[in-house]
Amino acid sequence: MAEKKRNGIDSYSVPEEISIYDMWSYNTTMEELGDKPWWELPERFSSLEEVWEYTKSKEYKEKNLSREAIKIDPEMACQPLGALLAALGIEGTLPYCHGSQGCASYFRFEFTRHFREPVMEAASSMTEDAAVFGGLSNIVEGLQNAYTLYKPKHIAVFTSCMAEVIGDDLKAFINRAKQKGSIPEDFPITYANTPSFVGSHVEGYDSMVRAILEQLAEPKEEKTEKINVIPGFDPYTANIKEVKKLLNTMGVDYTFVPDWSRTFDYPLGKFEMYPGGTPLEEVKNAVNNKGSVIIGKFSLKKTAKLIKNKWKQPLQAMEMPIGVEFTDKFIMTVSEMTGKEIPPEIEEMRGIALDAMTDAYQRFHGVKAAVVGDPDIVYGVSKFLLEMGAKPYYVVSTNGTKKWQKEMQALLDSSEFGKGCKAYAGMDLWQLRSLMYEEKPDILIGPCDLKYYAREFDLPLVRIGLPIMDRFNLHRYPIMGYEGVINLVTFIGNALLDHFDRICPEVNFDKLR
C-alpha cells in the first residue's frame, strides 16, 4: 500500500533551521488531518498567538472544563511529600523513601525551597534492576547505612511510585533487614504505603501520621489528663507556634504531634541533624491521653479513624483555626475537653484581631477572590473572607474530594456574601484560567504557582499555602489563631491597596487610604 503523502511534518523530520514556532504553518485543515500525529494542528491556527487567543474563548472553556483524563497545572503534590513532612515532625526521626533517588530529591527540593532550610531524608536509590527484581536488597543495605551513618532514634519509611508498582512489601522487607542484622531488632521503624500515582500529599501525610501513632503506641491501663493536638498538612511553622501559644496561655497539658515548628525554623550557627520534633516518648504515650483534637478535618481521615475506632479515644476533628469563628471554636473545644477556663489574655488577643478587621473592613467588602490550595487551608481562608464581607468567588482545590466540595459549598451558601460563589474539587489552574476569562476576580489567593495567572490577568496575588518559593519568610507568619487573623487582614488588605495605587488614575493617587 502506497504511503499517503502528508503536507505536515512531525517531530522527527523537522529541519534544524525550523523552530518549533514555525511548525504551526505546516498544518492542514481538520478534514485533511487523517492519520497525522496529534500534534499537527489544523490550518485554522496559523500561529501560536492565534492558539493562545483561542484558549481564552467560550468554546475552549467548555472543552477545558469538561476535561477529565488529564490534569494541566494541578495545584498539588504526590503522597510521599506529605509523608516526609509528617516524619520530620518526630524527634530524632530520619525519613526514608523506599524508591528512586530522583523522587527523594524532589521532595527535599520542594521543602528546601519553601522553608529555605536543609531537609534530611534517606532513600533506597532504586534503579532499573530493583524495578525488575524488587527492592529488598536496596532497603536492607539502605537501612543499615542510614542507621550506621546518621544515628537516628527512629526511621519512618514511606514509598514512591516504583516500589508501589512492583508491589514491594514494606513490613516483610523491614523484618528481613532486622533478621539480617542491618539494624537492631528493637530499633523503632514505622512504615506507610504512599503511592505517588493516587491521592496527593495530603493523603500521604495522613497515612504517615497514622502509621507513626499506631506503630509506636504503647497502650497502658492508666490514662493521663493530657490531650493530643494533631495538625493537618500545614506548610507554616508559625501556625504550630501560634496554636501552642494559645494552649499554653490556657494552661493546657498537651502533646502536639507531629511538630515540625523547629525542624524548619532553628537558629543559624550550629548544624543539627534532627532539630525539634515531638518527643518519641510523648508519641508512644499519645494513645493513653484523655482525648484528641484534630485541626484539619479534611487532612486526617485515616488518623481520625484510628483514634476513634481503635484507640476509643474522645475525638474532635475540626476545621483549621483560621479566621475568628474557627479560632473561637478551637478554643472552646479545648476548654470543654480539658475543663480549662478561657483566660482574659485570650479575650484580649481576640479583641485586637477584631479591631484589625474593623480597620480594614471597607476595603474587603464585595471583593471577589479566587482562593486556591489544599482543602483545609482554602476552607479556613474562605471563611475568613466571608467574615470580612468579601466573596470567595472561585474556591479551587485540586486535591479536594466531593465531600469537601459539598461542605465548602454549604459554607459559601450559609453567608450572604457567598451568593454566586462556587467550590471546585479536582479543578486545576488551567481550568481556573478559563473561568477567570469569563468573569475576572479582583484578587488571587494561593501558592506561588498562581503568579503566572496574576501576571496574565494583572491581578494582585497573596501567597498562602505550599509552595511559596519566590518570597521570603512567609512560613514564619501564622495564618491560624487571632494573630493569623491580623496577618490575613494585613496581607490581603495591603495587596488590594498596592494594586489600587498601581492602576488608579492620577486624581485618585493619594497617601490616604
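Residues numbered from 1 in each chain as written. Predicted model: local features only at pLDDT ≥ 70, side-chain atom pairs only at ≥ 80, totals over all residues. Heavy atoms only, no water.

Operational definition: UniProt positions are given in the numbering used here, feature names are shortened, and annotations may be inferred rather than shown by experiment.
Per an unreviewed UniProt entry, the protein chain carries the name Nitrogenase molybdenum-iron protein beta chain and comes from Desulfurobacterium atlanticum. In its Catalytic activity (unreviewed entry) section, UniProt records this for the protein chain: "N2 + 8 reduced [2Fe-2S]-[ferredoxin] + 16 ATP + 16 H2O = H2 + 8 oxidized [2Fe-2S]-[ferredoxin] + 2 NH4(+) + 16 ADP + 16 phosphate + 6 H(+)". Quoted straight from UniProt, the Sequence similarities (unreviewed entry) entry for the protein chain says "Belongs to the NifD/NifK/NifE/NifN family."

## Thoughts on a nonpolar patch on the surface
Note the following rule: Like-charged residues are merged into a patch within 9 Å and nonpolar side chains (Val, Leu, Ile, Met, Phe, Trp, Tyr) within 5 Å, provided each residue has over 30% relative accessible area and no salt bridge. Per-residue and other accessible areas follow the Shrake-Rupley method at a 1.4 Å probe size, with only the shown protein chains counted as cover for residues. The term salt bridge refers to a side-chain nitrogen of Lys or Arg lying within 4 Å of a carboxyl oxygen of Asp or Glu. Secondary structure counts use DSSP, requiring at least four H or I residues in a row for a helix and at least two E residues in a row for a strand, with both numbered from the N terminus. Three exposure classes are used, based on accessible area relative to the maximum for each residue type with a 1.4 Å probe and protein chains only: buried under 20%, partly exposed in between, and exposed over 50%.
Taken together, the side chains of Val165, Ile166, Phe197 and Val198 present a nonpolar region at the surface, about 360 Å² in accessible area. By secondary structure assignment, the location of Val165 is in helix 7 (residues 161–166). Classification of Val165 as exposed rests on a relative accessible area of 61%.

## Focus: the domain arrangement of the protein chain
We count it as follows: Each domain span listed reflects an automatic or database assignment of domains. Nitrogen and oxygen atoms within 3.5 Å of one another constitute a polar contact, given that in protein one can donate a hydrogen and the other can accept it, and given that sequence-neighbouring residues count only through two side-chain atoms. All amino acids are sorted into three groups, where Ala, Val, Leu, Ile, Met, Phe, Trp, Tyr, Cys and Pro are nonpolar, Asp, Glu, Lys and Arg are charged, and the leftover types, Gly among them, are polar.
We note that the domain assignment places domain 1 (79–216), domain 2 (227–344) and domain 3 (346–508) within the protein chain. Look at where the C-alpha atoms of domain 1 and domain 2 centre, and you get two points 24 Å apart. Taken together, the links from domain 1 to domain 2 amount to one salt bridge. Across the pair Lys310 and Glu214 runs a salt bridge whose closest N-O atoms are separated by 2.9 Å. Applying the counting criterion to the domain 1 and domain 2 interface returns 14 residue pairs in polar contact (both at pLDDT 80 or more). Going through the elements one at a time, helix 3 (79–87), strand 1 (93–98), helix 4 (101–115) and helix 9 (201–216) are the ones with two or more residues in the side of domain 1 that touches domain 2. Residue contributions to the side of domain 1 that touches domain 2 peak at 11 residues, all from helix 9. In terms of residue class, the side of domain 1 that touches domain 2 is built from 18 nonpolar, eight polar and seven charged.

## A closer look at a positive patch on the surface
The condition is simple: In this tally, Lys and Arg are treated as positive and Asp and Glu as negative; His is ignored, and so are the chain termini. Note on charges: their place is set at NZ of Lys, CZ of Arg, CG of Asp or CD of Glu.
A cluster of basic residues, Lys301, Lys302, Lys305 and Lys403, forms a positive patch on the protein surface. Note on Lys301: relative accessible area 37%, which makes it partly exposed.

## Comments concerning the UniProt feature "domain: Nitrogenase/oxidoreductase component" (unreviewed entry) in the protein chain
Cross-referencing UniProt, the feature "domain: Nitrogenase/oxidoreductase component" (unreviewed entry) maps to residues 78–496 in the present numbering. Between the first and last C-alpha atoms of residues 78–496 the distance is 33 Å; the span itself is 48% helix and 14% strand.

## As for empty space enclosed by the protein
We apply this condition: For each structure, a 1 Å grid was placed over the protein atoms alone; sets of points admitting a 1.4 Å probe that cannot get out are labelled cavities, open sets with protein on both sides within 12 Å along at least five of seven lines are labelled pockets, and lining residues have an atom within 4 Å of a point. Grid points are joined across faces, edges and corners, and a volume is the space filled by probe spheres set on the points.
In this structure the tally under the stated criterion is three cavities of 30 Å³ or more. When its volume is computed, the largest cavity comes out at roughly 120 Å³. Lining the largest cavity are 18 residues, with Leu88, Thr263, Met273, Tyr274 and Pro275 sitting closest to its centre. Split into classes, the residues belonging to the lining of the largest cavity amount to 12 nonpolar, four polar and two charged.

## Here's the deal with the sheet that holds strand 4 (residues 189–192)
Test applied: A pair of strands is treated as paired once DSSP finds two or more bridges between them. Any pair of residues with heavy atoms lying within 4.5 Å of one another is described as a contacting pair. Note on method: axes are straight lines fitted to C-alpha atoms, helices fitted across the in-contact stretch only, with angles between N-to-C directions ranging 0 to 180 degrees.
One open sheet holds the four strands; their spatial order is 2-1-3-4, and the pairing between them is parallel. What marks the edges here is a single partner per strand, and that holds for strand 2 (122–123) and strand 4. Where strand 1 meets strand 3 (residues 154–159), six bridges bridge the pair, whose relative direction is parallel. Looking at strand 3, one finds that Pro95 is bridged to Ala156. Of the strands in this sheet, strand 1 and strand 3 touch helix 3, which is tilted by about 170° from strand 3.

## Quick word on the packing of aromatic side chains
So the rule is basically this: What counts as a ring pair is set by centres within 6.5 Å for rings of Phe, Tyr and Trp (its six-membered ring), and what kind of pair is set by the plane angle: stacked under 30 degrees, edge-to-face over 60, tilted for all other angles. Only when the NZ of Lys or the CZ of Arg is both within 6 Å of the ring centre and within 35 degrees of the ring normal is a charge said to sit over the ring.
Summed over all chains, the structure comprises 16 aromatic pairs. Relative to Tyr60, the ring of Tyr54 has its centre 5.7 Å away and its plane inclined at 70°; by these criteria the two rings are edge-to-face. Each of the two residues, Tyr54 as well as Tyr60, counts as buried. Seen in terms of ring centroids, Tyr205 and Trp260 are 6.0 Å apart; in terms of plane orientation they differ by 90°. Their pairing is edge-to-face. Pair noted here: Tyr205 is in helix 9 and Trp260 is in the loop between strand 6 (254–256) and helix 11 (280–285), with a separation of 55 residues, a long-range link. On the accessibility criterion, Tyr205 (0% relative accessible area) is buried. Lys368 extends its terminal NZ or CZ atom over the ring of Tyr393, reaching a point 4.3 Å from the ring centre. Between the NZ or CZ atom of Arg433 and the centre of the ring of Trp52, over which it lies, the distance is 4.4 Å.

## Things to note about the pattern of salt bridges
Pairs can form between side chains of opposite charge once their charged atoms are near each other. Scanning all chains against the criterion turns up 27 salt bridges. We note a salt bridge from Glu91 to Lys153, for which the minimum N-O separation is 2.7 Å. With Glu91 in the loop between helix 3 and strand 1 and Lys153 in the loop between helix 6 (136–150) and strand 3, this residue pair connects regions lying 62 residues apart in the sequence. Judged by relative accessible area, which is 23%, Glu91 ranks as partly exposed. Judged by relative accessible area, Lys153 falls into the partly exposed class, the value being 45%.

## Focus on the packing of helix 3 against helix 4
The cut-off we apply is this: Throughout, the term roughly parallel applies to angles under 35 degrees, roughly antiparallel to angles over 145, roughly perpendicular to angles from 65 to 115, and oblique to all others. The handedness criterion is simple: a crossing whose near helix is rotated anticlockwise from the far helix by less than a right angle is left-handed, and one whose near helix is rotated clockwise is right-handed.
Interhelical geometry of helix 3 versus helix 4 gives an angle of 60° and a closest axis separation of 10 Å. Taken together, the axes of helix 3 and helix 4 are oblique relative to one another. In this structure, helix 3 meets helix 4 at a crossing whose hand is right-handed. Residues Pro80, Leu81, Leu84 and Leu85 of helix 3 form the contact with helix 4, whose own contacting residues are Phe107, Arg108, Glu110 and Phe111. Here the contact of helix 3 with helix 4 is built from residues that sort into six nonpolar, no polar and two charged.

## Observations concerning the side chain of Gln79
Relative to the helices and strands, Gln79 is located in helix 3. Excluding residues within four positions of it along the chain, Gln79 makes contact with Asn193, Thr194, Pro195, Ser196, Val198, Gly199, Ser200, His201, Glu203, Gly204, Tyr205 and Ser207.

## A look at the environment of Lys440
Note that Lys440 resides in the loop between helix 17 (429–438) and strand 12 (443–446). Setting aside chain neighbours within four positions, we find Lys440 in contact with Phe457, Asp458 and Leu459. Of the polar contacts made by the side chain of Lys440, one reaches the backbone oxygen of Phe457; its length is 2.7 Å.

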